Amino acid sequence: MVAVFVFTVFIVSGFYNKTETNVAQAQAATLLTPADFTYLGYYDVNAIAVWGHGLTHRYINGDLRFLTMDYPTTLREFSIAGKNYGDLITLTTNVWPDIGGCIWYHTGYWWDEAGQKLWNTTGPDYTTIYDPAQICTRTLNSNGTISNYKRVTLEGIPAKRAFGGVQPVPAWFQTQYGVGPYVTGWGGYTSLAAQGGGASFGSAMYSFPDISNLANDSQVPSAQIKTLADHGPANSNDWYASGSVPTSYDRGVRLTVPINYFDGGDLRPNGICSDQSCNALAPINPPASGAQWLSPAPDGKARFVWGDNYKNTGNWIDTPTKKGFISIANLAKGKAWYCSSTLCSEQSTQELHIFDPDQLGQAALGSLPPWKIQPSSMMELNVPRTLGYASASAYGKLDGATFDPVTNRLYIMGFGISPASIYYNRLYVYQVNAGATTPPPPPAPPGPTPPPPPPTGTDMQISANPTSISSGGSSTLNYSWNSSTRHVVKINGTAPAASCSNGTCTGTMSVSPTTTTTYTMTAVLIDSSPAPSVSTTVTVTSGTPILGDINLDRIVNSVDYSILNSDWFTSAARSDLNSDGLVNAIDYSILNANWFRTW
């Protein structure tokens, strides 16, 4: 076995992989392909329940931690530190018995490193009632409690289409396609797919704005939401009889070809079979004549069947050299049929689906129907697992995935995988060829332009260091003037102390404004009548800085990157953004998440 020390590998490389490229870099980046994903191995995990769901990750003092949910409400955290591939993980590093009301069985999670909070979505399973999609955030306290809980809903988006999770949107994509900073969705479902607002028989994705300023239990209006993908069952009839090209609706595309007995393919009455064991009996005869959504379709491609879904596996991968949105499709394999109040298949399989961000962007602009969003490439995942479970069962599913840009590794959680007599969970690891892990410093931003240098008056100069401070902080005014003429100098009406040398007077003065304040330095000539004056000004702004604005110039940009880079692996407080005593990848990820933001 090979020991995996994730953070040690990163330390050798020395930098954090930048994920938010600008538009020019994004255009130069190539689309991910299945060849970019290399399987490394797995860990068995019984520190969480078999009937679990979802996966995200975070770093605590340099240690990679994974967060996943026990059914129905318990959040558990575990670490792989010191473990080899194939080892069994039995201990949790923390447990939160209840993370708030925005949870249900089909729930997606994402850890916001910059905001230090856990996001999740929820989609009630067996319901005919329309529920709008819910987005929830909270702070995870180290004592197993939560705080700062917030829940908002998305107007017009059914919960059944947004149970997969949340992901941040790359800055270049926001700029180029005019979408919000977050997306939710992913698509597919298991039960009552056409009811309660309807699930999406394929990929689903919706962008929404920053919710940090919204009140708890408020609603994001539909005007601020854009659809990037949607295969909702507004028109459930297939198009096969009308030709080889869909014209008004299409289901999601998949690589493996199922035998679909849903959609009118099984003529047996539900729950009535000759031996009274319909749950165990697959149909014998071929799908009925006239059945819909048989695979392959006239275009030669297979389509989603009832129960196919992406769960909490959507991840946006965006680097200077590679880009793509990926999801892991949990799919019926072989015959797929309805069996007395559940969905069955002979086997199940999983596929890696890679979506082109630019196609998602075209859908957001309205130039491409959202039901035309299909994977650009696909690959069946042949990982060590127990096969043969029913399609709707929790066992054998790859229910969560999270991408770590520190090491360019994709982690996928399977629940109830192996061995068959114990049903351990498994955490699979893939290395992603997502570009160099030591990128050059980020380019100068296209805007806004940096502030001009401090103004200079005749025979005098005034500056402030820093020019932007936190509320309650202080700034130092540096001033100087030429003393060859007799005059008095005042700053906002106060004559400060000064020292003079070689005809020049200099000094400093500490100020602590509670609001943005302009300091005017004025010189009045004593020997003139009337006394003419010249002046120069500097402004000290006061407020709450954005994490990552290290030099406090009110924008997170390449200057801050350079400072953080010079402090790398030191305890320099100015660059230690999460205050853990070490400047490392966690601080870089915080700076990266706030790239180009101002305050």
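Use the structure listed above.
Residue numbers here run from 1 along each chain, matching the order of that chain's written sequence. The predicted nature of this model means local features are confined to residues of pLDDT at least 70 and side-chain atom pairs, given and counted, to a pLDDT of 80 or more, with totals for whole chains, interfaces and linings taken over all residues. Only heavy atoms go into the side-chain values, all of them from the structure, while hydrogens and water stay out.

Trainee: Hey, could you run me through the environment of Thr319 in this one?
Mentor: We count a stretch as a helix when DSSP gives it H or I for four or more residues in a row; a strand needs E for two or more, and each element gets its number in order from the N terminus. In this structure, Thr319 sits in the loop between strand 20 (315-318) and strand 21 (322-338). For the pair Thr319 and Pro405, spaced 86 residues apart in sequence, the C-alpha to C-alpha distance is 8.7 Å.

Trainee: What exactly am I supposed to notice about helix 6 (residues 585-593) here?
Mentor: For an α-helix, 3.6 residues make a turn, and residues three or four places apart therefore share a direction. Partly exposed residues are those whose accessible area sits between 20% and 50% of the maximum for their type, while under 20% is buried and over 50% is exposed, using a 1.4 Å probe and protein chains only. Where burial is concerned, most of helix 6 is hidden: 8 out of the 9 residues are buried. Turning to helix 6, its buried residues are Ala585, Ile586, Asp587, Tyr588, Ser589, Ile590, Leu591 and Asn592. Polar contact criterion, stated in full: a pair of N or O atoms within 3.5 Å, where within protein one must be able to donate a hydrogen and the other to accept it, and residues adjacent in sequence count only if both atoms are side-chain atoms. By the N-cap criterion, in which a side-chain oxygen at the helix start approaches the backbone nitrogen of a residue two or three places on, helix 6 is capped by Asn584, the distance to Ile586 being 3.2 Å.

Trainee: Just checking my understanding: could you explain helix 4 (residues 357-365) for this structure?
Mentor: Three or more residues of helix 4 are buried, namely Pro357, Leu360, Gly361, Ala363 and Ala364. All buried residues of helix 4 project into a common sector of 160° when viewed along the axis, lining one side. Its side-chain oxygen at 3.0 Å from the backbone nitrogen of Asp358, Asp356 defines the N-terminal cap of helix 4. An arc is given here, and it is the one of the directions from the helix axis to the C-beta atoms.

Trainee: Which parts of the structure should I look at to understand the state of the cysteines?
Mentor: Note on terminology: disulfide describes a covalent bond linking the sulfur atoms of two cysteines. Disulfide: a pair of cysteine sulfur atoms within 2.5 Å of each other. As enumerated under the stated definition, the model contains 1 disulfide in all. Linked covalently through their sulfurs, Cys102 and Cys136 form a disulfide whose S-S length is 2.2 Å. Sign of the S-S torsion, about 95° for the bond between Cys102 and Cys136, identifies this disulfide as right-handed. You can see Cys102 sitting in the loop between strand 7 (94-96) and strand 8 (106-112) and its partner Cys136 sitting in strand 10 (residues 132-140), a full 34 residues away along the chain. Across the pair, Cys136 and Cys102 agree in class, each one buried.

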